[in-house]
Amino acid sequence: MTFTHHLKRIFLLMGLLGFLSNLFSCSDGKSKFKPGILTPSGYYVKNGKAYWYGGFSNAELIELTSANAATFAPLSKKYPTVEFASSYASDGKNVYLNGRRINDADGQTFEVLGFGWGKDARNVYSWYSVVSDDAEHYADAKGGLQKDSKHVYSGDRIVSDDPESLKYIGTVGGRSYHSDSRGIMAGEIRIDSADVATFKPLEHGYSVDQSQVFLIEATKLEIVRAADAKTFQVMSEFYTKDALNVFWRGEKLPGVNAGAFKIISEEHHCSCDDERVYHHYKIIPNADPAKFPVGKRLKYCNDSEILFE
């Protein structure tokens, strides 16, 4: 292939890139600022104006008309080690997040705390909303909560009005537990009927006190009323038991012999005792553990049958 042919290919490629850049670029129509297809998202100061550009996936060019371009700068320069600080910018008076002004935020004292979080001398902000108006006393509490002099927060939600009594109990299975004068908190979920003095968190969303068994399913609190708190044990993610009963995620297995109970397959939610076979918490009709084939692996299990390979 000749040198001339190489040059032709290079010029054709450059021309194509130029065409695409013009095709996909946008401009505010006045300053002639035209970010192209390869222009990264972020803040720009061009021709005495400040802009936010959304980038290739959101090619929106926003002129920040309230900003003073002479003093405008991304806050990633001030907070280079804070992740997502480049989403924020300030002109010393106003504060912007992804091109939108945060109402009432003070550019002189604003600090970037993390993704969607910041504070100034007065307030703590989650995105564009005030979470706490007591920034002076706002701080992280052990176990993933935050507090100020008036409230306890889980993210942007108030979970307690008693920060003075807040105590960290522990983290089990990735879920943190706290107590205050009203009861127990598991993140945003309150367990106010629990006896704080005897409360104990367990694996897989379970917990107990002296007389109750609790189960957190997603964001919902349930009380496993049929379970005996004094003998309750977590066997696996799906199965628990007490001295007399076995449960599948809080649902009691009917007629089960707890002393002979076995988990056949956690994946297929299949189990048995010495007389019955269960799928989830239902008895599989006509299934007999005594007739299981020796040495065969389970193929599948449902409400109607159990099948081995």
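Residues numbered from 1 in each chain as written. Predicted model: local features only at pLDDT ≥ 70, side-chain atom pairs only at ≥ 80, totals over all residues. Heavy atoms only, no water.

1. Regarding the overall build of the protein chain
Part 1: The number of helices and strands found in the protein chain is one helix and 33 strands.
Part 2: Each of the 309 residues in the protein chain was classed as buried or not, and the buried ones make up 40%.
Part 3: When contacts within the protein chain are restricted to residue pairs at least 6 apart in sequence, those whose partners lie at least 24 apart make up 28%.
Part 4: Summed over all atoms, the accessible surface of the protein chain reaches about 17,600 Å², with 51% contributed by carbon and sulfur. (Helix = DSSP H or I, 4+ residues; strand = E, 2+ residues; numbered from the N terminus. Buried < 20%, exposed > 50% of the residue type's maximum accessible area, 1.4 Å probe, protein only. Contact = heavy atoms within 4.5 Å. Areas by Shrake-Rupley, 256 points an atom, 1.4 Å probe, with all protein chains shown as cover.)

2. A closer look at the packing of aromatic side chains
Part 1: A full pass over the atoms with the stated rule returns 15 aromatic pairs.
Part 2: Aromatic rings pair up to connect Tyr43, Trp52, Phe72 and Tyr96 into one cluster.
Part 3: Positioned above the aromatic ring of Tyr128 is the side chain of Arg100, whose terminal nitrogen or guanidinium carbon lies 4.0 Å from the ring centre. (Phe/Tyr/Trp six-rings, centres within 6.5 Å; stacked < 30°, edge-to-face > 60°. Lys NZ or Arg CZ within 6 Å of the ring centre and 35° of its normal.)

3. As for the nonpolar core
Part 1: Core analysis: the biggest nonpolar cluster contains 11 residues, these being Leu75, Tyr79, Ala85, Tyr88, Val95, Leu97, Ile102, Ala105, Phe110, Val112 and Tyr125.
Part 2: Discounting chain neighbours no more than four positions away, the residues touching Tyr79 are Ala85, Phe110, Glu111 and Val112.
Part 3: Counting residues in each nonpolar core, the second largest holds 10 residues, with Tyr206, Val208, Val213 and Phe247 among its members. (Core = buried A, V, L, I, M, F, W, Y, C linked by side-chain atoms within 4.5 Å.)

4. Some details on the sheet that holds strand E30 (residues 277-279)
Part 1: The strand order E28-E29-E30-E31 describes an open sheet built from four strands, whose pairing is antiparallel. Lying at the two open borders of the sheet, with one neighbouring strand each, are strand E28 (262-265) and strand E31 (282-283).
Part 2: Pairing of E30 with E31, which is carried by two bridges, proceeds in the antiparallel orientation. Of the residues in E31, the one forming a bridge with His279 is Lys282. (Pairing = 2+ DSSP bridges.)

5. Some remarks on unusual backbone geometry
Of all residues except glycine, most have a negative phi; of all peptide bonds, most are trans.
Part 1: Of note, the phi angle at Trp127 is positive, near 55°, even though the residue is not glycine.
Part 2: Along the polypeptide, Trp127 turns up in the loop between strand E10 (124-126) and strand E11 (129-132).
Part 3: Of the residues examined, Trp127 reaches a relative accessible area of 34% and is grouped as partly exposed.
Part 4: Located in the positive-phi region is Asn286, a residue other than glycine, with phi close to 65°.

6. Observations concerning the side chain of Ser87
Part 1: Tracing the backbone shows Ser87 in the loop between strand E4 (73-74) and strand E5 (88-90).
Part 2: Judged by relative accessible area, which is 14%, Ser87 ranks as buried.
Part 3: With residues near it in sequence (within four places) discarded, Ser87 still touches Tyr43, Tyr96, Leu97 and Asn98.

7. Let's talk about the environment of Ser86
Part 1: Tracing the chain through its elements places Ser86 in the loop between E4 and E5.
Part 2: When its relative accessible area of 44% is taken as the criterion, Ser86 is described as partly exposed.

8. As for the sheet that holds strand E23 (residues 220-223)
Part 1: Read from one edge of the open sheet, four strands run E20-E21-E22-E23, paired in antiparallel fashion. Strands at the two margins of the open sheet, each flanked by one partner only, are strand E20 (200-201) and E23.
Part 2: Of the pairings in the sheet, the one linking strand E21 (residues 206-208) to strand E22 (residues 213-217) comprises three bridges and is antiparallel in character. Its bridge partner being in E22, Ser207 is matched across the sheet by Phe214.

9. Regarding the pattern of salt bridges
Part 1: Summed over all chains, the structure comprises 10 salt bridges.
Part 2: Among the ionic pairs, Asp133 bridges to Lys150, the shortest N-O distance being 2.8 Å. On the criterion of sequence distance, the pair formed by Asp133 in the loop between E11 and strand E12 (139-141) and Lys150 in the loop between strand E13 (145-147) and strand E14 (152-154) is long-range, its members being 17 residues apart.
Part 3: Relative accessible area serves as the criterion here: at 38%, Lys150 is assigned to the partly exposed category.
Part 4: For the salt bridge of Asp273 with Arg276, the shortest nitrogen-to-oxygen distance reads 3.5 Å.
Part 5: Judged by its relative accessible area of 25%, Arg276 is partly exposed.
Part 6: Shared partners join several salt bridges into a network, and the residues in it are Asp180, Arg182, Arg190 and Asp192. (Salt bridge = Lys/Arg side-chain N within 4 Å of Asp/Glu carboxyl O.)

10. Description of the pairing of E22
Part 1: Buried residues dominate E22, accounting for four of its five residues.
Part 2: Linking two consecutive strands that pair antiparallel, namely E21 and E22, is a turn of four residues.
Part 3: Counting the residues that bridge the hairpin from E22 to E23 gives two residues, and of these Ala218 lies at a positive phi of roughly 60°.

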